[in-house]
Amino acid sequence: MTENTVEVEETFETDEQGLAYTSESAPSADTPERPATIAPAAATGRRKEAVARVRIVPGTGAWTINGRTIEDYFPNKLHQQVANEPFVALQLEGRFDVIARIDGGGIAGQAGALRLGVARALNDVDVEANRPTLKKAGLLTRDARVVERKKAGLKKARKASQFSKR
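Residues numbered from 1 in each chain as written. Predicted model: local features only at pLDDT ≥ 70, side-chain atom pairs only at ≥ 80, totals over all residues. Heavy atoms only, no water.

*Asks:* What should I look at first to understand helix α3 (residues 107-125) in this one?
*Replies:* An α-helix turns once every 3.6 residues. As a result, residues three or four positions apart point the same way. Its 19 residues give α3 an end-to-end C-alpha distance of 27 Å, which sits within 8% of 27 Å, the value for a rise of 1.5 Å per residue. For α3, the buried fraction is high: 14 of the 19 residues fall into the buried class. (Helix = DSSP H or I, 4+ residues; strand = E, 2+ residues; numbered from the N terminus. Expected span 1.5 Å × (residues − 1). Buried < 20%, exposed > 50% of the residue type's maximum accessible area, 1.4 Å probe, protein only.)

In structure tokens:
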């Protein structure tokens, strides 16, 4: 039996401390790129008062939100685009079906909650491959801005009646 092994010669350089390193940044030819992992996952996303419980399963890219399609639930294209951002960032459009239950808040808050839930679910699918891209795009960060409470003696949170000196 003959062995068909290809030896790849790596060039190592030494720095001023005498540590060896390689200047090769791309993976070598014998280590192929890993395909994107396709597996089911679930996560929760929140934004303002909205809560989205999201399940993603391998499929054709169908969205079901509270039993309705994404076009019916979010007629505004901007909200559809916001919800789809994690798939666009990872170039995984059409690879997963999304099933979500959303309650509370308004339309924009629900779209933001859905986006966070989808991003967290995709992060759970394959942390090594997906997390750096999602993190860099800011999709794993919970938007902590909420409505400020009304203060006593004011009309709203900050609005006061006009001051009169005399």
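*Asks:* In this structure, what is going on with the pattern of salt bridges? I would like to understand it.
*Replies:* Here the idea is simple: oppositely charged side chains can pair when their charged atoms come close. In total, this model carries six salt bridges according to the counting rule given. Between Asp-143 and Arg-145 there is a salt bridge whose closest N-O contact spans 2.8 Å. Relative accessible area serves as the criterion here: at 22%, Asp-143 is assigned to the partly exposed category. Looking at Arg-145, the relative accessible area reads 59%, which means it is exposed. When the shortest N-O distance is used, the salt bridge between Glu-148 and Lys-151 registers 2.7 Å. The exposure class assigned to Glu-148 is partly exposed, which follows from its relative accessible area of 37%. Beyond isolated ion pairs, a larger network of salt bridges with shared partners links Arg-47, Asp-143 and Arg-145. (Salt bridge = Lys/Arg side-chain N within 4 Å of Asp/Glu carboxyl O.)

*Asks:* Just checking my understanding: could you explain the pairing of strand β4 (residues 50-58) for this structure?
*Replies:* The two faces of the sheet receive side chains in turn, since in a regular strand these alternate between them. By the bridge criterion, seven bridges tie strand β3 (residues 41-47) to β4 in an arrangement that is antiparallel. Counted as the bridge partner of Thr-44 is Arg-53 from β4. The antiparallel hairpin formed by β3 and β4 contains two residues in its connecting segment, where Lys-48 sits at a positive phi of about 50°. (Pairing = 2+ DSSP bridges.)

*Asks:* Any chance you could explain the packing of helix α2 (residues 77-90) against α3 here in plain terms?
*Replies:* The geometry of a pair of packed helices is captured by two quantities: the angle between their axes and the separation between those axes. For the pair α2 and α3, interaxial distance at closest approach is 7 Å and the crossing angle is 15°. Taken together, the axis directions place α2 and α3 in an arrangement best described as roughly parallel. Classified by chirality, the crossing of α3 by α2 is right-handed. Each of His-79, Val-82, Ala-83, Glu-85, Pro-86, Phe-87 and Leu-90 in α2 lies in contact with α3, whose residues at this interface are Ile-107, Ala-108, Ala-111, Gly-112, Leu-114, Arg-115, Val-118, Ala-119 and Leu-122. Taken together, the residues that form the contact of α2 with α3 break down as 12 nonpolar, two polar and two charged. (Axes fitted to C-alpha atoms, helices over the stretch in contact; angles between N-to-C directions. Parallel < 35°, antiparallel > 145°, perpendicular 65-115°, else oblique. Left-handed = near helix turned anticlockwise from the far one by under 90°. Contact = heavy atoms within 4.5 Å. Nonpolar A, V, L, I, M, F, W, Y, C, P; charged D, E, K, R; others polar.)

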